[in-house]
Amino acid sequence: MCGIIGYVGPRVARDVVVAGLKRMEYRGYDSAGVAVVSDGRIEVRKKAGKIANLEAALAQSPLPDSEIGIGHTRWATHGGPTDANAHPHVSQNGRVALIHNGIIENFAGLRAELEAEGVGFRSDTDTEVAAQLLGREVGRGLDLAEAMGAVCQRLEGAFTLVALDAEQPHRLVAARRNSPLVVGVGEGENFVASDVAAFIEFTRSAIELGQDEMVDVTPERITVTDFWGRPAASKPYEVTWDLSAAEKGGYDWFMRKEIFEQPTAVFETLLGRYTADGALKLDELHIPEAHLRGIDKIIIVACGSAYYAGLVAKYAIEHWTRIACEVEIASEFRYRDPIITGSTLVVTISQSGETADTLMAIRHARDQKARIVAICNTNGSTIPRESDAVIYTHAGPEIGVASTKGFETQVAACYLLGLYLAQVRGTMFGDEIARVMQELAETPKLIQRVLDNLSPLEDLAGRLVGRDSFLFLGRHVGYPVALEGALKLKEIAYLHAEGFPAGELKHGPIALVDSGVPVFVIVPPQGRDQLHDKVVSNIQEVRARGAFTVVLAEEGDDEVAPFADVLLRLPQVSTILQPLLAIVPLQYFACEVATRLGYDVDQPRNLAKSVTVE
Ligand code: F6R
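Residues numbered from 1 in each chain as written. Predicted model: local features only at pLDDT ≥ 70, side-chain atom pairs only at ≥ 80, totals over all residues. Heavy atoms only, no water.

## Some words on the overall build of the chain
Next, step 1: Scanning the chain for helices and strands turns up 18 helices and 24 strands.
Next, step 2: Its C-alpha radius of gyration of 25 Å places the chain within 12% of the 25 Å reference for a compact globule of 614 residues.
Next, step 3: Reported as C-alpha extents along the three principal axes, the dimensions of the chain are approximately 80 × 55 × 45 Å.
Next, step 4: For the chain, the share of sequence-separated contacts (at least 6 apart) that also reach a separation of at least 24 residues comes to 71%.
Next, step 5: When the accessible surface of the chain is summed, it comes to about 21600 Å², and 48% of that surface belongs to carbon and sulfur atoms.
Next, step 6: Looking at the chain, you have 59 positive and 82 negative side-chain charges, and the mean spots of the two groups are 2 Å apart. (Helix = DSSP H or I, 4+ residues; strand = E, 2+ residues; numbered from the N terminus. Rg over C-alpha atoms; globule rule 2.2 N^0.38 Å. Contact = heavy atoms within 4.5 Å. Areas by Shrake-Rupley, 256 points an atom, 1.4 Å probe, with all protein chains shown as cover. Lys, Arg positive; Asp, Glu negative; His and termini not counted. Charge placed at Lys NZ, Arg CZ, Asp CG, Glu CD.)

This is the structure we're talking about:
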């Protein structure tokens, strides 16, 4: 939520900053702005709307070349998406410009304090409070870093701040609490940003910053301290992907590209995590086996698609380990006094590793002495940093706002965790684990087969593009797939779509079924799953009421054909692993419908990729 970048070095800062903003536009696109220092003055251009509007403004009124710049792309919280509310914000005395990601919860009191001192505000944002406070402290003679530390000590909530000073054209200061900030280490130049994608073109060397830390950056020097100026240990790392991963590579949408990257993403996520004889090898799970054997409950905590991945995991983990597994929406979890003890294992799933609701939930769980395992796609992000162990999904950067390969690899990583727990606790024999693992290792090829046969969905999208309501049905692990399929359609095509457990339909939702209503049904494997025939009956029930049925059934399942208006085939796989295959056509269908409706698939309205506010 909100993308921020700062640059110091010999390049034209304005251009580096705008290029970085474009790579982070998925984080928010309500407005964008840039500030540079030239001849001892701060100059700003900012514009409501997408970065294209900022570029048009820059073309009309160019910013001077300079060796320092900061930029921001906004997802509005306090104050509407206007030019005035766009960042950067400049202090009244003209000394500092500042950008912010997060929410300053105590901004109202601070604003009143500043107004009483005669400060006039030019925006409705919480951010301007930080800019004015910083300007005041620097104006009083405090060093920029000391001033930033002093300001941060007064702020409550979530914030990453980056500031520059009109009088110091080669120095940036940035700080973070509860929101992401990463430093890009160049040669004779340095970067700060919300996301490595912003500077990946220039360097793959990065430093992650801890909670309540700040960084003082010049072209030659990077100094990390806490808000009180005490030196802090910084953790450098190399980013494992490159610029091409952050570009569309010939696809019209990042989302479409990411759908097609799923075989590789799942392969990479499984790689190195099992031995030739199919035993699990999760070296990164630094929780003693004795502790894992003593666990009496697992709680999976996540939001959105990651929550649906957690629902899939519940079926697998309970089946394989016989440990009771609850799945919780993170924003609900912490406020309902959940029962957590030292023998609870909390598994948190987050693509970005920065989702505020999830972060707050794990902090709550930690306070209750639970051990935390994170499943995460973003190296060095806050959630893994605050967890006892992390299983990284190796999906590469996910830039389309709607999660695809993120979800897919989260499911794969959950399977690894479930099998590992079964191995440690002895709830499955070694050969049983090996059989599942071998099948799991085959799924990248099967996902590829699904991808090779997506063209019928293009026709289907053409046929259904005028419909305004869609239902998705599944049972067992097919149920979370139905929920995820519906979410894709809601978030990028803005259509009413709901996922239901197919058996629940007759308890109410079947009243929604009317002539021509499209109903997508995920059918469990024929012959090998007790629910197959029940789902076939559910299809007949909706068909009898006029539904247009789109049936996802495995190859060779002949029973379903008579009840399907459109039949999509899935390669044969065990029920528990079927979500990895079944979600793919649903993702693609949503992408096709949204494209036909003329929507921006990668940047759907009102959404942002990384939800760093509660
Ligand atoms: C849906 C989607 C969101 C995220 C959710 C959690 O397509 O992307 O629902 O899944 O906001 O995000 P992470 O996984 O980053 O915690």
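On we go.
## Quick notes on the sheet that holds strand 2 (residues 31-38)
Next, step 1: Ordered by their spatial adjacency, eight strands build an open sheet running 3-2-4-1-10-9-11-14, and the pairing between neighbours is antiparallel. Edge positions in the sheet fall to strand 3 (41-48) and strand 14 (235-238), since each of these pairs with one other strand and no more. Averaged over all adjacent pairs, the angle separating strand axes in this sheet is 20 degrees, with direction ignored.
Next, step 2: Where helix 2 (residues 51-60) meets the sheet, its contacts fall on strand 2, strand 3 and strand 4 (68-74), and the angle it forms with strand 3 comes to roughly 130 degrees. (Pairing = 2+ DSSP bridges. Axes fitted to C-alpha atoms, helices over the stretch in contact; angles between N-to-C directions.)

## Let's talk about the domain arrangement of the chain
Next, step 1: By the assigned domains, the chain splits into domain 1 (3-242), domain 2 (254-448) and domain 3 (455-596).
Next, step 2: Summed over both partners, the interface of domain 1 with domain 2 buries about 1100 Å², with 53% contributed by carbon and sulfur atoms.
Next, step 3: When the area that domain 1 buries against domain 2 is broken down by residue, the three leading residues are Y26, N178 and E208, summing to 42%.
Next, step 4: Along the contact surface separating domain 1 from domain 2 lie one salt bridge.
Next, step 5: Taking the shortest distance from any N to any O, the salt bridge between R385 and E208 comes out at 2.3 Å. (Domains from an automatic or database assignment. Buried area = accessible area lost by both parts, 1.4 Å probe. Salt bridge = Lys/Arg side-chain N within 4 Å of Asp/Glu carboxyl O.)

## What to know about the sheet that holds strand 13 (residues 222-226)
Whether parallel or antiparallel, the strands of a sheet pair through hydrogen bonds between backbone atoms.
Next, step 1: Strands sit in the order 5-6-7-8-12-13 across an open sheet of six strands; the sheet is antiparallel. In this open sheet, the two edge strands, each paired with only one partner strand, are strand 5 (89-90) and strand 13.
Next, step 2: Where strand 7 (residues 157-165) meets strand 8 (residues 168-177), seven bridges bridge the pair, whose relative direction is antiparallel. By the bridge assignment, T160 is partnered in strand 8 with R176.

## Section: the packing of aromatic side chains
Next, step 1: Counting across every chain of the model gives 13 aromatic pairs.
Next, step 2: Consider the rings of Y307 and Y308, whose centres lie 5.7 Å apart with planes at 55 degrees: the pair is tilted.
Next, step 3: Residue Y307 is classed as buried on the basis of its relative accessible area, which comes to 16%.
Next, step 4: Given the relative accessible area of 15%, Y308 is considered buried.
Next, step 5: Members of the aromatic cluster, each reached through a chain of ring pairs, are Y7, F191, F199 and F202.
Next, step 6: A cation over an aromatic ring shows up here: K50 above the ring of Y29, its NZ or CZ 5.2 Å from the ring centre.
Next, step 7: The positively charged end of R605 is found above the aromatic ring belonging to Y494, 3.9 Å away from the centroid. (Phe/Tyr/Trp six-rings, centres within 6.5 Å; stacked < 30°, edge-to-face > 60°. Buried < 20%, exposed > 50% of the residue type's maximum accessible area, 1.4 Å probe, protein only. Lys NZ or Arg CZ within 6 Å of the ring centre and 35° of its normal.)

## Quick notes on the site of the ligand
Next, step 1: Not every one of the 15 residues close to the ligand is listed here, only the nearest: S350, Q351, S352, T355 and E491.
Next, step 2: One nitrogen or oxygen atom from the main chain of V401 is found 3.3 Å from an oxygen atom belonging to the ligand.
Next, step 3: Contact between the ligand and E491: an oxygen atom at 2.5 Å from a side-chain N or O atom of the residue.
Next, step 4: Here the ligand, which alone exposes 410 Å², has 89% of that area covered by the protein. (Near = heavy atom within 4 Å. Polar contact = N/O pair within 3.5 Å; in protein donor to acceptor, adjacent residues only side chain to side chain.)

## Brief notes about the side chain of S91
Next, step 1: Following the sequence through the fold, S91 ends up in the loop between strand 5 and strand 6 (96-104).
Next, step 2: Here N93 takes part through its side chain, which lies 2.6 Å from a polar atom of the side chain of S91.
Next, step 3: In contact with S91, not counting residues within four places along its chain, are V96, R122, A131, Q132 and G135.

## Quick word on the pattern of salt bridges
Next, step 1: Enumeration over the complete set of coordinates arrives at 40 salt bridges.
Next, step 2: The salt bridge involving D143 is made with R171; its shortest N-O contact spans 2.9 Å. Of this pair, D143 sits in the loop between helix 4 (127-139) and helix 5 (144-154) while R171 sits in strand 8, and the two are 28 residues apart along the sequence.
Next, step 3: Since its relative accessible area comes to 29%, D143 is described here as partly exposed.
Next, step 4: By relative accessible area, which is 10% here, R171 ends up buried.
Next, step 5: Residues joined in a network through salt bridges with shared partners are E113, E117, R136, E137, R140 and R154.

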